[in-house]
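# Architecture at a glance
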Amino acid sequence: MNTLSHIVSLLRHRLLIFFCFFAIACFTAYSQPPLNHGTICDGYISISGNTNISGFRLKAELSNWVLYFDPFEEAFSLTVPLENFKANFEMIESDFQKMLRAYIYPQIEIRFPNKNLKNYVLTPVEVIIAGKKITKVIRPEIKTTTDQRSIIGNTEINWKTLGLSPPKRFNGLITIDESINIKFVLNIKNYEQCDLTQK
């Protein structure tokens, strides 16, 4: 009888160890994205608009930039500090950072889905700027060469949607239009290791 009890106890102990390892393995696999779901890209993001006198443009160059993957939302995320956006005049950069309250919200983020990303097919894109998340629908242009895949998209955002007021210069003589254009160009090197490929 004691031998039987010992065997049952031993089996229970081994089953408990097995289930513990199984649970840890499952949790690790679920909580961590696969290694191929993060990739390096080049390209740029630009923000442009118009004043009552001329146009303006700020551009952030991307070189060996990390494109992160969120496994829970099945989306790629591109995050760029606002200080990386450069213009022809420092005054434009200063106004841009003040208006977007860069001291509170120091970066812009663009999120797009990992699945069903096809050339000129309607795709929802999230833009997180000045603490606000805006979802826009774009038709991305996708170009493929032997060594990279380029994803090009652009959309317009209204300042009022962000709850912001464009700056005025020279006692209101120079004003900025309410809409701006955000364009991104991402050149992804190891696209074949991701799900970004067109079918």
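Our structure is the block above this text.
Residues numbered from 1 in each chain as written. Predicted model: local features only at pLDDT ≥ 70, side-chain atom pairs only at ≥ 80, totals over all residues. Heavy atoms only, no water.

Counting 40 residues, the largest nonpolar core has Ile 45, Phe 85, Ile 108 and Ile 182 as the members making the most contacts within it. The dominant element in this core, judged by the number of residues it contributes, is strand 2 (residues 55-70), at six residues. Here Ile 45 is in contact with Leu 58, Lys 59, Ala 60, Leu 62, Leu 78, Val 80, Phe 85, Ile 110, Ile 182, Lys 183 and Phe 184, once residues within four sequence places are set aside. (Core = buried A, V, L, I, M, F, W, Y, C linked by side-chain atoms within 4.5 Å. Buried < 20%, exposed > 50% of the residue type's maximum accessible area, 1.4 Å probe, protein only. Helix = DSSP H or I, 4+ residues; strand = E, 2+ residues; numbered from the N terminus. Contact = heavy atoms within 4.5 Å.)

Turning our eyes to something else, we now look at the packing of aromatic side chains. If you walk through the whole model with that rule in mind, you get four aromatic pairs. Taking the centre distance of 6.2 Å and the plane angle of 10° together, the rings of Phe 112 and Phe 184 count as stacked. Taken together, the residues span a long stretch of sequence, with Phe 112 in strand 4 (residues 107-113) and Phe 184 in strand 9 (residues 179-188) at a distance of 72 residues. Each member of the pair, Phe 112 together with Phe 184, is buried. In textbook terms, an aromatic cluster arises when at least three aromatic residues are bridged by ring pairs, as seen for Phe 69, Phe 76, Phe 112 and Phe 184. A cation sits over an aromatic face here: Lys 59 above Tyr 44, 4.4 Å from the ring centre. (Phe/Tyr/Trp six-rings, centres within 6.5 Å; stacked < 30°, edge-to-face > 60°. Lys NZ or Arg CZ within 6 Å of the ring centre and 35° of its normal.)

With the rule as written, the count across this model stands at one cavity of 30 Å³ or more. Ile 110, Val 125, Val 127, Ile 138, Asn 154, Thr 155, Ile 182 and Phe 184 together form the lining of the largest cavity. For the lining of the largest cavity, the secondary-structure elements that each account for two or more residues are strand 5 (123-129), strand 8 (149-158) and strand 9. Of the residues belonging to the lining of the largest cavity, the class tally is six nonpolar, two polar and no charged. (1 Å grid on protein atoms, 1.4 Å probe; cavity = no way out; pocket = protein on both sides within 12 Å on 5 of 7 lines; lining within 4 Å. Points joined across faces, edges and corners; volume = space filled by probe spheres on them. Nonpolar A, V, L, I, M, F, W, Y, C, P; charged D, E, K, R; others polar.)

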